[in-house]
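# Structural description and commentary
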Amino acid sequence: MYRADTHVHSTFSFDGRVKAEDLVLLALEKGLTFLSFTEHLDLCTQSFDDFLTMEKAFSKEIARLSSRYGDQIQIVKGLEFAEPHRYQKELLAVEKMNFGYLLGAVHFIDGRSVARKELPPKENEEHAKRYYEELFSLVTFGRVDAVAHFDHIRRGIGEDRYQLSTLRDIFKEMIRKDIVLEVNTSGIRRTNGEPFPSREKVLLYRSLGGNKVTIGSDTHIESNLYQFVEETYGELTLLGLTPGVFSRRTFVTR
Ligand SMILES: [Zn+2]
Ligand SMILES: [Zn+2]
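Residues numbered from 1 in each chain as written. Chains lettered and ligands numbered in written order. Predicted model: local features only at pLDDT ≥ 70, side-chain atom pairs only at ≥ 80, totals over all residues.

Let us look at the overall build of the protein chain. Within the protein chain, the regular secondary structure consists of 9 helices and 11 strands. Since a compact globule built from 254 residues should have a radius of gyration of about 18 Å, the 17 Å found for the protein chain is in line with a globular shape. Expressed as lengths along the three principal axes of its C-alpha atoms, the size of the protein chain is roughly 50 × 45 × 30 Å. Out of the 254 residues in the protein chain, the part that is buried amounts to 44%. (Helix = DSSP H or I, 4+ residues; strand = E, 2+ residues; numbered from the N terminus. Rg over C-alpha atoms; globule rule 2.2 N^0.38 Å. Buried ≥ 20, exposed ≤ 12 C-beta atoms within 10 Å, placed from the backbone.)

See below:
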C-alpha cells in the first residue's frame, strides 16, 4: 500500500501552520511510512538570502527527525520551487543543497498569485493562457523532478479553461524529459472535488504515454495530511498509472 504523502508544508514555509516534528508524529499516527516536506521557495515574494537562512535550519531539522524517527518513517527534504526557469542562478545553488525531491510550480503570473483570486474575472481566458504558457516554459527548461498541482489556475479563476493543444504539448514535453506528474489532492477540497490536475487531464497524460505520478496532499495544517491520498492511489492504479515517491531525486515505487 502507498502510505506516503509527498507534498507537505511545515512552519519552514511562510504559510505552514504545523511544526515539522508534529507532522511526523501525525504521519506515524496515520501509519505513513514516507513523508516528503516540500517547503516553499517563491522568489517572486521571498529573498534568496531569507531562503538560505531557512534552508540551514530546515536541513538540520530533517537530519534530526530522520535520526529520531528514521526506523519508522522515511523523511525527505524536498522543495517546491516556483517558476524555477526564471531563477536559474538560484536553481544552480539549490541543486547543490542535497534536496531529495524538487517540485516545480507556477505560483505567479506577472507578479500576481494564480491561487488567490487576485485576477480580474473578466480576463479568465487570458490568465489561463498565460498560466499554461508559463507551465510550458517551466517543463521546457526542465531540471525539476515533478510538476506540482498541474492545473492550479482553476483555483484562481474558479473555472477550468485550457487549450487542449497546449496541454498536450506540456504533457509530451514532461514525458520526453521524464518529469513526473504530481496529482495534488488539495484540489478535491479546494475546488469542485477534482484533484490538480483534474481526472480528465490525468487521462490525457496517460493517453499520451505518461505513466509516473506522485500523490501529495499539499497540507499546511494538521487535518489535511494524507487527505484523499489512499482513494487517489486506488483511482490512479486502476487507470494503469504508477504512483511513486522521490528520494535522492530518484523516482521509486513503493
Ligand atoms: Zn504550490
Ligand atoms: Zn505546496
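Attention now moves to unusual backbone geometry. A cis geometry characterises the amide bond from Phe 196 onward to Pro 197, with omega recorded as -5°. Locating Pro 197 in the fold gives a position in the loop between α7 (186–190) and α8 (199–207). Positive phi, normally seen in glycine, also occurs at Asp 178, with a value near 60°. Residue position: Asp 178 is located in the loop between α6 (164–177) and β8 (180–184). For Asp 178, a count of 10 C-beta atoms within 10 Å puts it in the exposed group.

On to the pairing of strand β1 (residues 4–8), then. Burial runs high along β1: 5 of the 5 residues are buried. Pairing of β1 with strand β2 (residues 34–41) involves 3 bridges; the strand directions are parallel. The residue of β2 that forms the bridge with Ala 4 is Phe 34. Crossover connection from β1 via helix α1 (residues 20–29) to parallel β2: handedness right-handed. (Pairing = 2+ DSSP bridges. Right-handed = clockwise from strand over helix to strand, strands pointing away.)

Attention now moves to the packing of α1 against helix α2 (residues 48–69). Interaxial distance between α1 and α2 falls to 10 Å at its minimum, and their mutual angle equals 30°. If you check the angle between α1 and α2, you find them roughly parallel. Of the two elements, α1 crosses α2, and the hand of that crossing is right-handed. Within the contact between the two elements, α1 uses Ala 20, Glu 21, Val 24 and Leu 28 and α2 uses Glu 61, Leu 65 and Tyr 69. Taken together, the residues of the contact of α1 with α2 sort by class into 5 nonpolar, no polar and 2 charged. (Axes fitted to C-alpha atoms, helices over the stretch in contact; angles between N-to-C directions. Parallel < 35°, antiparallel > 145°, perpendicular 65-115°, else oblique. Left-handed = near helix turned anticlockwise from the far one by under 90°. Contact = placed C-beta atoms within 7 Å. Nonpolar A, V, L, I, M, F, W, Y, C, P; charged D, E, K, R; others polar.)

We now examine the sheet that holds strand β3 (residues 74–82). Pairing in this open sheet of 9 strands is mixed, and the strands run β1-β2-β3-β4-β7-β8-β9-β10-β11 from one edge to the other. Every interior strand has two partners, whereas the edge strands, β1 and β11 (250–253), have only one. Bridge count between β2 and β3: 8 bridges; the pairing is parallel. Each bridged residue has a counterpart across the sheet, and for Phe 34 the counterpart in β3 is Gln 74.

With 66 residues, the main nonpolar core has Phe 81, Leu 103, Ala 146 and Leu 181 as its most contacted residues. Ranked by the residues each element gives to this core, the list is headed by helix α4 (residues 124–141), at 6 residues. When residues no more than four places from it in sequence are discounted, the contact partners of Leu 181 are Ala 146, Val 147, Phe 150, Met 174, Tyr 205, Gly 210 and Val 213. (Core = buried A, V, L, I, M, F, W, Y, C linked by C-beta atoms within 7 Å.)

Relative to the helices and strands, Ile 215 resides in strand β9 (residues 212–216). Judged by C-beta crowding, with 27 C-beta atoms within 10 Å, Ile 215 ranks as buried. Separated by 17 residues in the primary sequence, Ile 215 and Thr 232 place their C-alpha atoms 7.6 Å from one another. If sequence neighbours within four positions are ignored, Ile 215 has contacts with Thr 6, Val 183, Thr 185, Val 229, Thr 232, Tyr 233 and Pro 243.

Summarising the element assignment, Tyr 87 is placed in the loop between β3 and α3 (88–95). Exposure remark for Tyr 87: the 17 C-beta atoms within 10 Å place this residue in the partly exposed category.

Glancing now at α4. For α4, with 18 residues, the first-to-last C-alpha span of 26 Å sits near the 26 Å given by 1.5 Å per residue. Turning to α4, its buried residues are His 127, Ala 128, Tyr 131, Tyr 132, Leu 135, Leu 138 and Val 139. Down the axis, α4 shows its buried residues gathered within 125° of arc, on one side only. Buried residues along α4 sit against β4 (101–105), β5 (108–109), β7 (146–147), α5 (153–157) and α6. Positioned one or two residues after α4, Gly 142 has a phi angle of 80°, which is positive. (Expected span 1.5 Å × (residues − 1). Arc of directions from axis to C-beta.)

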